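# Structural characterization, general
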Protein chains: 4
Amino acid sequence: MAAQNLESIMVRIGIVGGTGYTGVELLRLLAAHEQAEVVAITSRAESGRRVDDLFPNLRGHYDLSFSEPDVAQLAACDVVFFATPHNVAMNLVPELLAAGARVIDLSADYRLRDAALWSRWYGEPHASPELLVDAVYGLPEVNRAAIASARLVACPGCYPTSVQLGLIPLLARKLVDPDHLIASAASGVSGAGRQAKVDNLLSEVSDSFKAYGVSGHRHLPEIEQGLGDVAGQSVGVTFVPHLLPMVRGIHATLFARLQAGPEDIQGLYESWYADEPFVDILPAGQLPQTRTVRGANRCQIAVSVPQGRDTVVVMSAIDNLVKGASGQAVQNMNIMLGLPETLGLQQVGLLP
Amino acid sequence: MAAQNLESIMVRIGIVGGTGYTGVELLRLLAAHEQAEVVAITSRAESGRRVDDLFPNLRGHYDLSFSEPDVAQLAACDVVFFATPHNVAMNLVPELLAAGARVIDLSADYRLRDAALWSRWYGEPHASPELLVDAVYGLPEVNRAAIASARLVACPGCYPTSVQLGLIPLLARKLVDPDHLIASAASGVSGAGRQAKVDNLLSEVSDSFKAYGVSGHRHLPEIEQGLGDVAGQSVGVTFVPHLLPMVRGIHATLFARLQAGPEDIQGLYESWYADEPFVDILPAGQLPQTRTVRGANRCQIAVSVPQGRDTVVVMSAIDNLVKGASGQAVQNMNIMLGLPETLGLQQVGLLP
Amino acid sequence: MAAQNLESIMVRIGIVGGTGYTGVELLRLLAAHEQAEVVAITSRAESGRRVDDLFPNLRGHYDLSFSEPDVAQLAACDVVFFATPHNVAMNLVPELLAAGARVIDLSADYRLRDAALWSRWYGEPHASPELLVDAVYGLPEVNRAAIASARLVACPGCYPTSVQLGLIPLLARKLVDPDHLIASAASGVSGAGRQAKVDNLLSEVSDSFKAYGVSGHRHLPEIEQGLGDVAGQSVGVTFVPHLLPMVRGIHATLFARLQAGPEDIQGLYESWYADEPFVDILPAGQLPQTRTVRGANRCQIAVSVPQGRDTVVVMSAIDNLVKGASGQAVQNMNIMLGLPETLGLQQVGLLP
Amino acid sequence: MAAQNLESIMVRIGIVGGTGYTGVELLRLLAAHEQAEVVAITSRAESGRRVDDLFPNLRGHYDLSFSEPDVAQLAACDVVFFATPHNVAMNLVPELLAAGARVIDLSADYRLRDAALWSRWYGEPHASPELLVDAVYGLPEVNRAAIASARLVACPGCYPTSVQLGLIPLLARKLVDPDHLIASAASGVSGAGRQAKVDNLLSEVSDSFKAYGVSGHRHLPEIEQGLGDVAGQSVGVTFVPHLLPMVRGIHATLFARLQAGPEDIQGLYESWYADEPFVDILPAGQLPQTRTVRGANRCQIAVSVPQGRDTVVVMSAIDNLVKGASGQAVQNMNIMLGLPETLGLQQVGLLP
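In this text the structure is predicted, and so the values were computed from the model without any measurement.

### Side note on the nonpolar core
All names here are of chain C. Tyr110, Leu227 and Tyr269 are the most contacted members of the largest nonpolar core, which has 63 residues in total. In terms of residue count, the dominant contributor to this core is helix H7 (residues 158-172) (8 residues). Inspection of this core shows a minimum of three residues originating in each of domain 1 (6-155 + 324-336) and domain 2 (159-320). When sequence neighbours within four positions are dropped, the list of residues in contact with tyrosine 110 reads Ala89, Met90, Val93, Pro94, Asp105, His126, Ser128, Leu131, Leu132, Ala135, Leu152 and Ala154.

What follows is the structure in structure tokens.
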């Protein structure tokens, strides 16, 4: 595309697996993206059904139906998003890359560089381990340059986005003990996807709160890989996710032991993220709420050192479906294609 | 403005009473409106405080602080919105109109044409009854032409919007008994405003449902006035509002007795609203949900004649803060100023 | 049991299908019932699993595991509750009755007296139509005497309980037009059961409201049968159920056209239900909320004639799992066994 | 009371400040307590109003109205509960004790032994500091014997109950670093009380999640005092409370660094609390949910050492209004009066 006038490009987009929440969220965001055109959205189960029949919020915005996955059609797209559970992308991506498409995978298939580690956590061999070295981990605040030239981007998980953005400055500056990080995070139920499971019925999870996956959540190795890269050494994280009785939002409360002398941590965070369009360090004393980023591609962060002791607390909030998934995917697309990074991503959070 | 190039206009906007939910919603919508510039937002209580300090979802979108109401400053605006409780606009509007501003009042002050009726329902004399005849009732689907030339628009209430849009075709076509209409409607708690009241605490209204105002809700005379205009005769409505354990959304379930022979009611509704950008008649068999219009300036409507009997049921859903308040206000602004009616109002509903 | 001292009886209870919400609610209520002992609870899917492993709120209250349904074991119980979807009881009940057990069916299998009508609404033949005449419809406020001598009680549905209790006095006294009754009712999601369905995920139904089943809900013929009995003639109801974004509670808003002269409707309701332990007519001006009956075997009712016109509005609230299901089932058991009707059913609603 | 037959005692109870959530919860619990009779409930604001008019869930359970506080009347009670904000009890209690009443204070007034510390956190002098040494901290699992002979019991805060019960075994056995404990806890909104505050409106806190009080919450010194007693040395806790979009429930996620060799922590917890009627250690692998203790006087706890590393995670769940307030208060009353500790407190949690 290099020679074209970027302003006139319409990016042809394919979406694999469009019936889940990251799929409909991609459609919501791309409807507001003036240079994006979704030309195919696949679903075996809903093939032939109009997209706006399944998701009536899209009525009037798309004249599109779900179709069977068709590699030739997808390969003809400029960008293909995978909004699928894990274990789908790793089987289809090699062919699409070979055909020249760029791929942005919202699933977990390419997030870990180590195929053996991936297999241990996902309980099966990786289908295309040779691509793990080429795949770029799509956290723009860390990997912007690599994303710009990538053919395959692995979008970070929702928890990993909120945890990493919250801890990066402390680890990069070696201010805290990297071996005993603590991440107590909570997610809205949409993070569990649009699957028919008793555990996610309103009657099971409404008006209640619980931890889950304490003994080992699949986002743990991803978090430790990402933070290890930033720290320049291996890190240890105790990660406890919780389920919130609400739809959207992730809030991470992060604890680390300070190992250096006093520092202006507020100032560090403000300067570290000063040029980031989608990371917002709140003024000292203000704390993030998931509702203030609802629907927005934004991570709001606050830092505190309670009682002036030696434990720093970082709180970060994102919308798990936006900065934690589909919004970050569009951000990656913009970077890959040389478009303005914020294109189509300027929505104000829906409050109240 | 007639002589200007409309595409280059930046409309200078003032908002009176910006600390409530319709105020922050105006700001959210206007941030996406390419020809709108908010130059003043008033609040006596929060004067001097940054808008994005109170509403952190607006960080990065506005560099604006609340100010004391200043008639001169407001009068210099092209449009002034009143996002206030009733009893504020009726005292300030005469002066602003005299100074040449256009006014869009989201409160109840100018919705009823009859000052005596207004006084009976609001318990006090009207402060500027002489303006009641000039004020245009801002339901574009009924009054588009009058709005276009209005200086003062009274935005409909949230319930009245959903009830009127649902019943208009039946009454206009005289298909139903106008004396015994029934409106069983339900609203999210944001409709009660951002006031400190025990009754609207989460602990009081979450996980519960109730009717309220059965003996007489202030939206009743507004509904009967509006439907009477359409019917060409007085109408009688039994209106029961309910409070939903959620933030946004109004759903009206409307019942009317058919008095004419069989008719294709689905077809009637589809044709009646065919050209309306913000009224969406759902395909037969599909029913509206408040979530599919969340954050969108849209009314979704379904009709049914259960069991083929003689009672027709209409269901209509809106976001009370958008098509039921601030979105409709922006729609009115666009019409008043000759801008494209949909400008800034194309947001896709936030689902899930 | 006739010869025994009633105070010393321990009623041996079997529950068929204990993994759903009415099953766990039966267990909750029976734990507080001093003369009840649950000796068997069946589930094919969870056979062998401890009840308190599936429902940890029961830890310390039951030392019981789910078992395969075993007719001999169930037949040895004094009472067998069916807390199953429809289409289970009608196949097992004949054998249990023949073996001498009393049966209280919480499902729909024996609610309609007319087998053909049942088949039309449930889409299959009835498996034991010969029992339909013997089955007693278990609404104690109507059928107390018949329940006392019944071997098979069909517990009313949740919506039918709230709608019938709300309309009975008006119809029995012939104060309203019986052909054009309107019931706009709303239920918490627990009414949809503990089945893995996308439609009932928190992410699908939280923070939203919708009507469903408008063209025909299976509770409609049950409502019309019950109200017809009371009215002494056929009645016509337009019944629109809605889904509330919460767990428990049904609220019915009922509209009827007055056809007689003025009447003290408040007084009528108060006297009609004066001796009913579980129907509570609220003082004039107070309206029911589902939260005030949460967890309680109680129906709270208010009546109003808005604006003094000719439409009466009745509002009734129950907990769908208690007075709408398991509590009413226990009430029926008490009546059948000659125990005090309120035994084990005196819980105070959980507010807030 | 020593000489009386305990089974025949009716305890005469006064409640000061009965219009809040702990007040109505006391009434709910005491309605099921066969030896309790509430003879007075005070409220200046609601004096003269029937209790069941304010709280309709109590209709039929109490024939009682709010009254002005009257020291003589209260002093004639066997037990007086204070269900007030802080700063009320400390002014009235001296007089009541002098008159011979027993007092159970649900507020913060007597929780800290150090008057200076109290003043620092509550911003005013303590009005009866001489009673701080006599007041017994009402956590039965620690202080049962002292409670039995106490005249004044200070009920623990809701967060402190969940945090202390979760950490006591580890600290008592000196298994963890006491200087760097971390408590990430979350509460339903009822913990904020029944005050008219914008911050607790449903529209402000529903469908959202946030931390608050990070720089210093008043429960911190109480937690550190209680845990210090158990540890036999001062302890340091980083305490971050969060607000959940729901009514009832507290969940604490607690992190501590193991400083001793491997240990069967699950076994330790099971044996530590084996005789406690209201602390329930879940089987290994099961995690607590706030809904499984909703309405019940119970703390459910799980322990885990994720990845076999050196950080132990404890999760504890209570209903903030029951084991975190009114239930614990009744438990204390039973102990003080020599009644069975579980009397009136056997409710099964309301699930779903």
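### Digging into the interface of chain B and chain C
Across the boundary between the two partners, chain B contributes 49 residues, which contact 49 residues of chain C. With both chains or domains summed, chain B and chain C bury close to 3,900 Å², and 54% of this area falls on carbon and sulfur atoms. Connecting chain B to chain C are 8 salt bridges. Between arginine 309 of chain B and glutamate 224 of chain C there is a salt bridge, with its nearest N and O atoms 2.7 Å apart. Summed over the shared surface of chain B and chain C, the result is 25 residue pairs in polar contact (both at pLDDT 80 or more). Counting residues per element, the ones that place at least two in the side of chain B that touches chain C are strand E7 (181-187), helix H8 (202-205), strand E8 (210-211), helix H9 (219-231), strand E9 (237-243), strand E10 (250-257) and strand E13 (311-318) of chain B. For the side of chain B that touches chain C, the class distribution of residues is 21 nonpolar, 18 polar and 10 charged.

### Here's the deal with the relation of the copies chain B and chain C
Structural alignment of chain B on chain C gives an RMSD of 0.0 Å, achieved by rotating through 180° and translating 0.0 Å along the axis. What the superposition gives is, in effect, a two-fold axis relating one chain to the other. Mapped onto chain C, 100% of the interface residues of chain B again fall at the interface, so both copies present the same surface.

### Points about the packing of helix H6 (residues 140-148) of chain B against helix H11 (residues 322-337) of chain B
All names here are of chain B. At a minimum axis separation of 9 Å, H6 and H11 run at an interaxial angle of 40°. Classified by the angle their axes make, H6 and H11 are oblique. The handedness of the crossing between H6 and H11 comes out as right-handed. Contact with H6, carried on its side by Pro140, Glu141, Arg144, Ile147 and Ala148, involves Lys323, Gln328, Gln331, Asn332, Ile335 and Met336 of H11 and no other residues of that element. For the contact of H6 with H11, the residue count by class is 5 nonpolar, 3 polar and 3 charged.

### Remarks on the pairing of strand E10 (residues 250-257) of chain A
Residue and element names in this part refer to chain A. Taking burial as the measure, the 8 residues of E10 include 7 buried ones, the bulk of the element. Strand direction decides the pairing type here: E10 and strand E13 (residues 311-318), joined by 8 bridges, are antiparallel. Of the residues in E13, the one forming a bridge with leucine 254 is valine 314.

### Considering the interface of chain A and chain D
Across the boundary between the two partners, chain A contributes 49 residues, which contact 49 residues of chain D. Here chain A packs against chain D, burying approximately 3,900 Å² in sum over the two surfaces, 55% of which is carbon and sulfur. Applying the counting rule to chain A against chain D returns 8 salt bridges. Between arginine 294 of chain D and aspartate 207 of chain A there is a salt bridge; the shortest N-O distance is 3.8 Å. Where chain A meets chain D, there are 25 residue pairs in polar contact (both at pLDDT 80 or more). Classifying every residue of the side of chain A that touches chain D by side-chain character gives 21 nonpolar, 18 polar and 10 charged.

### Some thoughts on the relation of the copies chain A and chain D
Here chain A sits on chain D after a turn of 180° about the axis and a move of 0.0 Å along it, with an RMSD of 0.0 Å. Both copies share a contact surface, since 100% of the interface residues of chain A are interface residues in chain D too.

### Some thoughts on the sheet that holds strand E9 (residues 237-243) of chain D
Residues and elements named next belong to chain D. Across the sheet, 7 strands lie side by side as E8-E9-E7-E10-E13-E12-E11; this open sheet has mixed pairing. In this open sheet, the two edge strands, each paired with only one partner strand, are strand E8 (210-211) and strand E11 (279-281). For strand E12 (residues 299-304) and strand E13 (residues 311-318), the ladder comprises 5 bridges, and the chain directions are antiparallel. Note that in E13 the partner of isoleucine 301 across the bridge is serine 316. Of the strands in this sheet, E11, E12 and E13 touch helix H10 (residues 265-272), which is tilted by about 160° from E12.

### Description of the side chain of asparagine 320 of chain B
Residue and element names in this part refer to chain B. On the secondary structure map, asparagine 320 appears in the loop between E13 and H11. Polar side-chain contacts of asparagine 320 include one of 3.0 Å to the side chain of serine 190. Of the polar contacts made by the side chain of asparagine 320, one reaches the backbone nitrogen of glycine 249; its length is 2.7 Å. If we skip the residues at most four places from it in the chain, asparagine 320 touches Cys158, Ser187, Ser190, Gly191, Val247, Arg248, Gly249, Ile250 and Ala325.

### Quick notes on the pattern of salt bridges
For the structure on display, the rule yields 84 salt bridges over all chains. Between glutamate 276 of chain A and arginine 144 of chain A there is a salt bridge whose closest N-O contact spans 2.7 Å. With glutamate 276 of chain A in the loop between helix H10 (265-272) and strand E11 (279-281) and arginine 144 of chain A in helix H6 (residues 140-148), this residue pair connects regions lying 132 residues apart in the sequence. The partly exposed category is assigned to arginine 144 of chain A, whose relative accessible area is 27%. Here arginine 59 of chain B ties to aspartate 280 of chain A by a salt bridge, and the two come within 2.7 Å at their closest N and O atoms. On the criterion of chain membership, the pair formed by arginine 59 of chain B in the loop between helix H2 (51-54) and helix H3 (71-75) and aspartate 280 of chain A in strand E11 is interchain, its members lying in two chains. Accessibility assignment for this pair places arginine 59 of chain B and aspartate 280 of chain A in one class, buried.

### Re unusual backbone geometry
All names here are of chain A. At the junction of leucine 351 and proline 352, the peptide bond is cis and its omega measures out at 0° in the coordinates. Following the sequence through the fold, proline 352 ends up in the segment after helix H11 (322-336). Positive phi, normally seen in glycine, also occurs at lysine 174, with a value near 55°. The topology assignment puts lysine 174 in the loop between helix H7 (158-172) and strand E7 (181-187). Given a relative accessible area of 48%, lysine 174 falls into the partly exposed group.

### A closer look at helix H7 (residues 158-172) of chain B
Residues and elements named next belong to chain B. The terminal C-alpha atoms of H7 lie 21 Å apart, and with 15 residues this matches the ideal 21 Å at 1.5 Å per residue to within 8%. Along its length, H7 reaches its greatest deviation from straightness, about 35°, at glycine 166, and the proline proline 169 lies no more than four positions downstream. H7 sits mainly inside the fold: 14 of its 15 residues count as buried. Positive backbone phi, approximately 55°, marks lysine 174, located one or two places after H7.

### Things to note about the sheet that holds strand E9 (residues 237-243) of chain A
Sheet strands pair by backbone hydrogen bonding; their relative direction is either parallel or antiparallel. All names here are of chain A. Pairing in this open sheet of 7 strands is mixed, and the strands run E8-E9-E7-E10-E13-E12-E11 from one edge to the other. In this open sheet, the two edge strands, each paired with only one partner strand, are strand E8 (210-211) and E11. Sheet contacts for H7: E7, E9, E10, E11, strand E12 (299-304) and E13; angle to E10, the most-contacted strand, approximately 35°. Packing against the sheet, helix H9 (residues 219-231) makes contact with E7 and E9, and its axis sits at approximately 135° to E9.

### Things to note about the environment of leucine 244 of chain A
Among the structural elements, leucine 244 of chain A can be located in the loop between E9 and E10. According to the relative accessible area criterion, leucine 244 of chain A is buried, its value standing at 0%. For the pair formed by leucine 244 of chain A and lysine 210 of chain A, sequence separation is 34 residues and the distance between their alpha carbons is 7.6 Å. When residues no more than four places from it in sequence are discounted, the contact partners of leucine 244 of chain A are Ala186, Ser187, Gly188, Val189, Phe209 and Gly249 of chain A together with Phe209, Leu244 and Pro245 of chain D.

### Comments concerning the domain arrangement of chain A
Interface size, as often reported, equals the accessible area lost upon joining of the parts. Residue and element names in this part refer to chain A. Partitioning chain A into structural domains gives domain 1 (6-155 + 324-336) and domain 2 (159-320). The centre of domain 1, based on its C-alpha atoms, is set 25 Å off from the matching centre of domain 2. If you look at the interface, domain 1 gives 24 residues, while domain 2 gives 28 residues. In total, about 2,300 Å² of surface goes out of reach between domain 1 and domain 2, with carbon and sulfur atoms giving 50% of it. When the buried area of domain 1 at its contact with domain 2 is split by residue, Tyr21, Trp121 and Glu141 rank highest and sum to 27% of it. Counting the contacts that link domain 1 with domain 2 gives 4 salt bridges. Arginine 111 is the salt-bridge partner of glutamate 222, the closest N and O atoms lying 3.5 Å from each other. Among the secondary structure elements, those contributing two or more residues to the side of domain 1 that touches domain 2 are helix H1 (21-31), helix H5 (115-122), H6 and H11. No other element matches the 5 residues that H11 contributes to the side of domain 1 that touches domain 2.

Reading the values: rules and limits
Residues numbered from 1 in each chain as written. Chains lettered and ligands numbered in written order. Predicted model: local features only at pLDDT ≥ 70, side-chain atom pairs only at ≥ 80, totals over all residues. Heavy atoms only, no water. Core = buried A, V, L, I, M, F, W, Y, C linked by side-chain atoms within 4.5 Å. Buried < 20%, exposed > 50% of the residue type's maximum accessible area, 1.4 Å probe, protein only. Helix = DSSP H or I, 4+ residues; strand = E, 2+ residues; numbered from the N terminus. Domains from an automatic or database assignment. Contact = heavy atoms within 4.5 Å. Buried area = accessible area lost by both parts, 1.4 Å probe. Salt bridge = Lys/Arg side-chain N within 4 Å of Asp/Glu carboxyl O. Polar contact = N/O pair within 3.5 Å; in protein donor to acceptor, adjacent residues only side chain to side chain. Nonpolar A, V, L, I, M, F, W, Y, C, P; charged D, E, K, R; others polar. Least-squares fit on C-alpha atoms with pLDDT ≥ 70 in both. Axes fitted to C-alpha atoms, helices over the stretch in contact; angles between N-to-C directions. Parallel < 35°, antiparallel > 145°, perpendicular 65-115°, else oblique. Left-handed = near helix turned anticlockwise from the far one by under 90°. Pairing = 2+ DSSP bridges. Expected span 1.5 Å × (residues − 1). Bend = angle between axes of the 7 residues up to and from the residue.

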